[in-house]
Amino acid sequence: MVRESVDMMYLLIYTMMYTTENISQLGGRLMKAMYINAPGQVEFRDIDKPVRQKGEVLLKLLYGGICGSDLGSYKGTFAYFDYPRIPGHEFSAEIVEVDEDNDQGLRPGMIVTCNPYFNCGHCYSCEHGIVNACMDNQTMGCQRDGAFQEYITMPEERVYDGKGLDPMLLAAIEPFCISYHGVSRAEVKQGDKVLVIGAGTIGVLAAVACISDVSMGKLDMAREFGVDGIILNDSPESFDKAVKEITDGNGFDIAIEAVGLPSTFQNCIDAACFGGKVVVIGVGKKNLDFNFTLLQKKELNVFGSRNALKKDFVELIDLVKEGKVPVKGIITNIYKFEDGAKAFYDFANNPGDMLKVILDFTDR
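Residues numbered from 1 in each chain as written. Predicted model: local features only at pLDDT ≥ 70, side-chain atom pairs only at ≥ 80, totals over all residues. Heavy atoms only, no water.

S.K.: Would you mind going over the packing of aromatic side chains in detail, with residue names and values included?
M.R.: What the rule picks out here adds up to ten aromatic pairs. Taking 6.3 Å as the distance between ring centres and 50° as the angle between the ring planes, the aromatic pair formed by Tyr-117 and Phe-313 counts as tilted. On the criterion of sequence distance, the pair formed by Tyr-117 in strand β7 (residues 117-118) and Phe-313 in helix α11 (residues 310-321) is long-range, its members being 196 residues apart. Relative accessible area serves as the criterion here: at 0%, Phe-313 is assigned to the buried category. Taking the centre distance of 6.4 Å and the plane angle of 45° together, the rings of Phe-148 and Phe-361 count as tilted. Here Phe-361 lies in the segment after β18 (356-360) and Phe-148 lies in the loop between β8 (138-139) and β9 (151-155), a separation of 213 residues in the sequence. For the pair Phe-148 and Phe-361, a shared accessibility class is recorded, and that class is buried. An aromatic cluster is present here, built from Phe-44, Phe-148, Phe-337 and Phe-361 joined pairwise through their rings. Here the guanidinium or amino end of Arg-45 rests over the ring plane of Tyr-35, the centre of that ring lying 3.8 Å away. A cation over a ring is seen here: Arg-306 above Tyr-80, with NZ or CZ 5.2 Å from the ring centre. (Phe/Tyr/Trp six-rings, centres within 6.5 Å; stacked < 30°, edge-to-face > 60°. Helix = DSSP H or I, 4+ residues; strand = E, 2+ residues; numbered from the N terminus. Buried < 20%, exposed > 50% of the residue type's maximum accessible area, 1.4 Å probe, protein only. Lys NZ or Arg CZ within 6 Å of the ring centre and 35° of its normal.)

All we've got here are geometric facts, nothing functional implied.
Dropping the structure here:
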């Protein structure tokens, strides 16, 4: 598999949408928000600070993680993004205002994270409890404006207590939930041979036994998480040879796709054993033309995995707090919020050396 080259200049624009007189009339209620206007173009605008309604929580952003989907939006490769839009759905925040009589036990000063996947509540999926796959899903930073702004409001039921977890680590809970939910779809058992294709944040966090990627730098990072082995996926031939050697020619019990490319989905189909499972977490925009009879021949179980559920957030906050998962290790780069354009540019041009990029809002 060969990664597509990234060749773009990073463009940073500051837009003042109001005159000095306007700002005076608004009583200083302006704040900075980041927009991706077009591929490679990041803009900071002065917009109105949100006004909380009953049942909502006013939050001040602390840390925000740049997701692979955010990076795809910046590069123009992500399927669920319309321009212009505020990116961001991985974050931690401090509660500024909340109803005193809320049912969630929320209070001002509490450090929290949030469920960013808005569901409609009345479609076929929602009525059957599959709210993470709502037919009209609107994820923050994708189908609706995201969290990369100084203040946001969220419905009370989407706000989760961080239970004293470091705010920077709390911002990494959402991507961990994506991985956790995907792995749960496969019902991994003790002794299963598991292949994860993709050593980005989602892939690393999904890794159970073995990680495959084209970037040796990211594979080196993955070693720190205790994976059993790695495959440098630099050609179809070397990939197939490694799969056969590792599994004695049988294939993997579970193959997890965490990239979003046609070639990596094909890798999973090919690498899975007869009667095995394939989980698709990655999101892409390209089609794959393949011999689908292979699914029948191998009697493969293919699972899609989208977003995550409240229980994933709650369980993982506890696991990370207890020190059972080394989430801190995925954070490789930290930028000030106002340096967000550089963060996106650097991430797009150095994908092999950067895993989780965090924006710091705390000095604003």
